[in-house]
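Now for the letters of each chain:
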Amino acid sequence: MGLGKAVKTVRRLARLNPDLGPRASAEETIAQIDAVTTGTLRDFAQNMAQVHLPRWHLMVPVDGAPTLEELQERRACLNATAETKAGH
């Protein structure tokens, strides 16, 4: 999708939702999306896993899903592996 088409789409959606209050321009929104990097996405995911995961675990039980303790053990193993690799 070209930038022009994205701008038109955002403007059309904004007209359809007049009660949403003030919002960034289409150009500002596209710039924010373009500013997302692998690092910022990784940081966001880590924050969600460390800060918000316990809430998700309590709110959305799923049959067969790992327990919170199992998830925390996995994260600890991943962190240990990353630290080991970084030490080389």
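Look up: the structure comes first, before these words.
Just so it is clear, the structure is predicted and the values come from calculations on it, not from any experiment.

Here the focus is the overall build of the protein. For the protein, the helix and strand inventory stands at 4 helices and 0 strands. Reading the protein from its N terminus to its C terminus gives the helix and strand order α-α-α-α. Counting the 88 residues in the protein, one finds 8% classified as buried. Of the roughly 7500 Å² of accessible surface on the protein, 61% is carried by carbon and sulfur atoms.

A few words now on the environment of T81. As for its position among the elements, T81 is in helix α4 (residues 68-86). Residue class for T81 comes out partly exposed when judged on its relative accessible area of 40%. Among the polar contacts made by the side chain of T81, one reaches the main-chain carbonyl oxygen of C77 at a distance of 2.9 Å.

Here the focus is the environment of R11. On the secondary structure map, R11 appears in helix α1 (residues 3-16). Overall, the relative accessible area of 46% leaves R11 in the partly exposed class. Sequence spacing of R11 and A26 is 15 residues, and the spatial spacing of their C-alpha atoms is 6.8 Å.

Put simply, the largest pocket is a space of about 300 Å³. Surrounding the largest pocket, 11 residues form its lining, Q46, A49, R75, L78 and N79 being those nearest its centre. Among the elements that line the lining of the largest pocket, the one with the most residues is helix α3 (residues 38-59), at 6 residues. Of the residues assigned to the lining of the largest pocket, the class counts are 5 nonpolar, 3 polar and 3 charged.

This brings us to a nonpolar patch on the surface. Among the surface-exposed residues, V36, L41 and F44 lie close enough to one another that they form a single nonpolar patch of about 310 Å² accessible area. Within the secondary structure layout, L41 lies in helix α3. Of the residues examined, L41 reaches a relative accessible area of 51% and is grouped as exposed.

So, how was this worked out
Counting from 1, residues in each chain are numbered in the order their sequence is written. Local features are withheld for residues below a pLDDT of 70 in this predicted model, meaning they are given only at 70 or higher, and side-chain atom pairs are given and counted only at 80 or more; totals for whole chains, interfaces and linings count all residues. Excluded from the side-chain calculation are hydrogens and water; included are all heavy atoms of the structure. By definition, any uninterrupted DSSP run of H or I lasting at least four residues is a helix, any uninterrupted run of E lasting at least two residues is a strand, and each is numbered from the N terminus. Buried, partly exposed and exposed residues are distinguished by accessible area as a fraction of the type maximum, computed with a 1.4 Å probe on protein chains only: under 20%, between the cut-offs, and over 50%, respectively. Calculation of accessible area relied on Shrake-Rupley with a 1.4 Å probe; when residues are assessed, cover is drawn exclusively from the protein chains displayed. Nitrogen and oxygen atoms within 3.5 Å of one another constitute a polar contact, given that in protein one can donate a hydrogen and the other can accept it, and given that sequence-neighbouring residues count only through two side-chain atoms. The pocket and cavity definitions rest on a 1 Å grid over protein atoms only: a 1.4 Å probe that fits but cannot leave marks a cavity, an open set with protein on both sides within 12 Å along at least five of seven lines marks a pocket, and residues lining either have an atom within 4 Å of a point. Grid points are joined across faces, edges and corners, and a volume is the space filled by probe spheres set on the points. Amino acid classes used here: Ala, Val, Leu, Ile, Met, Phe, Trp, Tyr, Cys and Pro are nonpolar; Asp, Glu, Lys and Arg are charged; the rest, including Gly, are polar. Patch construction takes residues with relative accessible area above 30% that form no salt bridge. Like charges are linked within 9 Å, and nonpolar side chains (Val, Leu, Ile, Met, Phe, Trp, Tyr) are linked within 5 Å. A pair is scored as a salt bridge if a Lys or Arg side-chain nitrogen falls within 4 Å of a carboxyl oxygen belonging to Asp or Glu.

Honestly, it's all geometry; don't read function into it.
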